[in-house]
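The lines below spell out each chain.
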Amino acid sequence: MKMESKPSVNQTAPQVSNRSLRGAVVFLGFFCGFLLVGLIGLGVYNIVSIHTSAAKRSSIKVHLQTRTDQISNLTADRDQLNTRIIDVMEEVERLKSETKKVCPSTWELLSGRCYFFSTQRKSWTDSRSDCRSQGGDLVIINNIEEQRIMWTPTHIEYWIGLSDSEQEGVWKWVDGSALTLRLWYPNQPNDYNGGQDCGISNYDNWNDLSCNEERHYVCEKPLILYEQF
């Protein structure tokens, strides 16, 4: 009886190893392909990112340059403004040096104020109207010194800006201020026979008199600026 021979293990082993090797090669090929695609994609992403970052840096650089230019312009405007202010201040000082405070030719300068001593006699109301037409008003006496500097032998008695015509016994100056300084003669004001509602200065003291009486008067106003040419 003839026995069939069986293939040995050593004869079949190379066939199995070749199939496995081909599979591994195919797998590695696909893996390398995917890896290559991934690397290409990553490279493209990096290139795009680099270009985007460069564009952003360029935009930021332009923005910073614009801001720098704006700051430079503001600095220049500030310097021009400072120069203009200095010029204006110098012009003001120049104008001050070319002006002086004076009184009109018919007025007298006494203790920094302008006074007009009338040569005509008028009622209290007409006297005040004349003072106001010249830019002043009947004199307001604030202290004894002002009372005395206005007195001269030719200006003995004159109307002052004092009356109680609005309310009897309530004396006020023409600017509406209340009477604080009181230089009345003894027993004055007495409203003798009624209707004595206006104040008059006589030497160093005051008296009340009918506003219709005609007397000299004194006007008062501040100094005015006069330009020298």
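This structure is a prediction, so every number in the text was calculated from the model and none was measured.

Caption draft 1: How the structure looks around the state of the cysteines. Scanning the model with the defined rule gives three disulfides in all. Between the sulfur atoms of Cys 103 and its disulfide mate Cys 114 the distance is 2.0 Å. Residues Cys 103 and Cys 114 are joined through a disulfide that is left-handed, its torsion about the S-S bond being -90°. Here Cys 114 lies in strand β3 (residues 113-117) and Cys 103 lies in the loop between β1 (99-102) and β2 (108-110), a separation of 11 residues in the sequence. One disulfide bridge connects Cys 131 with Cys 219, the sulfur atoms lying 1.9 Å from each other. As the torsion about the S-S bond is roughly -75°, the Cys 131-Cys 219 disulfide counts as left-handed. Residue Cys 131 is located in helix α2 (residues 124-133), and its partner Cys 219 is located in strand β9 (residues 216-221); the two are separated by 88 residues in the primary sequence. Taking relative accessible area as the criterion, Cys 219 reaches 0% and is therefore assigned buried. If one numbers only the bonded cysteines of the protein chain, in the order they occur, the disulfide pattern is 1-2, 3-6, 4-5.

Caption draft 2: Quick peek at the nonpolar core. Ranked by internal contacts, the top residues of the largest apolar core, which has 32 residues, are Ile 141, Met 150, Trp 159, Ile 160, Leu 162, Trp 173 and Trp 206. Where this core is concerned, the elements lending two or more residues are β3, α2, β5 (157-163), β7 (198-202), β8 (205-209) and β9.

Caption draft 3: Examining the environment of Pro 222 more closely. When you line up the elements, Pro 222 lands in the loop between β9 and β10 (224-227). Each C-alpha atom of the pair Pro 222 and Gly 135 lies 9.3 Å from the other, and the pair is 87 residues apart in sequence. The contacts of Pro 222, once residues within four sequence positions are left out, are Arg 113 and Cys 114.

What counts, and where the lines are drawn
Residues numbered from 1 in each chain as written. Predicted model: local features only at pLDDT ≥ 70, side-chain atom pairs only at ≥ 80, totals over all residues. Heavy atoms only, no water. Disulfide = S-S within 2.5 Å. Helix = DSSP H or I, 4+ residues; strand = E, 2+ residues; numbered from the N terminus. Buried < 20%, exposed > 50% of the residue type's maximum accessible area, 1.4 Å probe, protein only. Core = buried A, V, L, I, M, F, W, Y, C linked by side-chain atoms within 4.5 Å. Contact = heavy atoms within 4.5 Å.

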